[in-house]
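Chain residues, written in single-letter form:
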Amino acid sequence: MTNLKVPAPAPADLEGDLASLRGDCARMAPHWTAPEKSVARPVPLSLIHGVTVPAASARLLEAMPEYGN
């Protein structure tokens, strides 16, 4: 006797399909609001500490026109 059952290549979706997932997302969208846009301000150099850059990386960035000027 031959077993014709083939296991699924991926786990079966037990709760629904893509359409139900999209519907769930559409219903949740009003509950998730985007934060107000804020203007990014430069950080004072006195607050930047503990950052180390390898010399090879610094030379690479220095050689790039948009960073080295």
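That block above? That's the structure.
Parameters at a glance
- Residues numbered from 1 in each chain as written.
- Predicted model: local features only at pLDDT ≥ 70, side-chain atom pairs only at ≥ 80, totals over all residues.
- Heavy atoms only, no water.
- Salt bridge = Lys/Arg side-chain N within 4 Å of Asp/Glu carboxyl O.
- Helix = DSSP H or I, 4+ residues; strand = E, 2+ residues; numbered from the N terminus.
- Patch = residues over 30% accessible without salt bridge, like charges linked within 9 Å, V, L, I, M, F, W, Y side chains within 5 Å.
- Areas by Shrake-Rupley, 256 points an atom, 1.4 Å probe, with all protein chains shown as cover.
- Buried < 20%, exposed > 50% of the residue type's maximum accessible area, 1.4 Å probe, protein only.

## Observations concerning the pattern of salt bridges
By the definition in use, this model includes 1 salt bridge. Between aspartate 24 and arginine 27 there is a salt bridge whose closest N-O contact spans 2.2 Å. Placement of both aspartate 24 and arginine 27 in helix 1 (residues 18–28) is noted, with a separation of 3 residues, approximately one turn of the helix.

## With respect to a nonpolar patch on the surface
On the surface, a nonpolar cluster with roughly 630 Å² of combined accessible area is contributed by Val43, Leu45, Leu47, Ile48, Val51 and Val53. Tracing the backbone shows leucine 47 in the loop between helix 1 and helix 2 (55–63). On the accessibility criterion, leucine 47 (57% relative accessible area) is exposed.

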